Each structure stands twice: as structure tokens, then as C-alpha cells.
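So the chains spell out like this:
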Amino acid sequence: LRLFLEAHPAFEGEVWRMQEGQYMIRGRQVNQLPRAMALQRRRSGGPTVLVVDVDGWHRSLADLLGDLWREFTQERRVQSGEYALRLAARLLEERASREAEDLLR
């Protein structure tokens, strides 16, 4: 988790440590599992992965962080798009107001 946060500093405000081995990440309860349960091989016989408990479901930590990062970046894009729309609307309203004043003169 620490390495992921170092690579994505904007995500740091989304992670809260509740207590040892328990985190709240973007509103999801993430618990570390005991080491014997946490290290699992993928079904295809691939590399060993770290598994965590997320809201009662076991998931790969890498998959979880990837999904949460995508969700975070999509949310940021939507917010910036909404801001751009509000700014454009405000600029158009100001322009229309100036043009209306010019017509009245």
C-alpha cells in the first residue's frame, strides 16, 4: 500500500488507517488477512498475490488498488468536466449580458 501511495500521491487523501491492518479506502473497509491466507497463488499457477478482505470479499490487493485508482481518476475527470461546463456557461452568460447592454445603448 505504501508503494502505491508513493507512486500516486494524489490518492493519499483517499486512504485512512483505522487501526493495525485495517484501512478505509474510498469508503471501503479493507482488512489485511493473516499471512497464511493473504498469500495465494492465482488459479492459472501464476505468481503469488497478496489477498485482502474488502467489505467481506477477498480480492487481490493489486486488482483492488487498480480498480480504486481508475474510479478515482474517472471521478476527477468528471469533476473537471463539470467545472469546465460551469465556467463556459458563466462566460457565455456574461458575454450575453454585455451584448444585451450594448444593444440597449
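Here the structure is a predicted model, which means the values were calculated and not measured.

### A look at the environment of leucine 92
Its location among the elements puts leucine 92 in helix 3 (residues 61-104). In this structure the C-alpha to C-alpha distance between leucine 92 and arginine 77, which are 15 residues apart in sequence, comes to 22 Å.

### Considering the side chain of arginine 26
Relative to the helices and strands, arginine 26 is located in the loop between strand 2 (22-25) and strand 3 (28-32). A polar contact of 3.0 Å, which involves the side chain of arginine 26, links it to the side chain of glutamate 71. Apart from the residues lying within four places of it in its own chain, the contact partners of arginine 26 are Phe11, Glu14, Leu68, Glu71, Phe72 and Glu75.

### What to know about the pattern of salt bridges
Scanning the model with the defined rule gives eight salt bridges in all. Here arginine 26 makes a salt bridge to glutamate 14, at a shortest N to O gap of 2.8 Å. Taken together, the residues arginine 26 in the loop between strand 2 and strand 3 and glutamate 14 in the loop between helix 1 (2-7) and strand 1 (15-19) connect sequence positions twelve residues apart. Classification of arginine 26 by relative accessible area gives buried; the value is 15%. Taking relative accessible area as the criterion, glutamate 14 reaches 22% and is therefore assigned partly exposed. With its nearest N and O atoms 3.0 Å apart, the salt bridge here joins glutamate 71 to arginine 26. One end of the pair, glutamate 71, is in helix 3; the other, arginine 26, is in the loop between strand 2 and strand 3, with 45 residues separating them in the sequence. For glutamate 71, a relative accessible area of 28% translates into the label partly exposed. Each member of the salt-bridge network shares a partner with another, and the members are Glu14, Arg26, Arg28, Glu71 and Glu75.

### Focus: the nonpolar core
Counting residues in hydrophobic clusters, the biggest one holds 14 residues, and the most contacted among them are Phe11, Val15, Ile25, Val30, Val52 and Leu64. Contributing elements (two or more residues each) for this core: helix 1, strand 2, strand 5 (48-54) and helix 3. Here this core takes five residues from helix 3, the largest share from any one element. Excluding anything up to four places from it in sequence, valine 30 contacts Gly21, Gln22, Tyr23, Ile25, Val52, Asp53, Val54 and Leu64.

Analysis parameters
- Sequence order sets the numbering: in each chain, residues are counted from 1 along the sequence as written.
- The predicted origin of the model limits local features to residues at a pLDDT of at least 70 and limits the giving and counting of side-chain atom pairs to 80 or more, whereas totals for whole chains, interfaces and linings rest on all residues.
- Hydrogens are left out, water is left out, and the side-chain values use all remaining heavy atoms of the structure.
- Secondary structure follows DSSP: runs of H or I at least 4 residues long count as helices, runs of E at least 2 residues long count as strands, and numbering of each begins at the N terminus.
- Here a polar contact is taken to be a pair of N or O atoms separated by no more than 3.5 Å, where protein atoms must pair a possible hydrogen donor with a possible acceptor and residues adjacent in sequence count only if both atoms sit in side chains.
- Note on contacts: a residue pair qualifies if any of its non-hydrogen atoms lie within 4.5 Å across the two residues.
- One side-chain nitrogen of Lys or Arg within 4 Å of one carboxyl oxygen of Asp or Glu is enough to make a salt bridge.
- Relative accessibility thresholds used throughout: buried, under 20% of the residue-type maximum; exposed, over 50%; partly exposed, between the two (1.4 Å probe, protein chains only).
- By nonpolar core is meant a set of buried Ala, Val, Leu, Ile, Met, Phe, Trp, Tyr and Cys residues that side-chain atoms within 4.5 Å join together.

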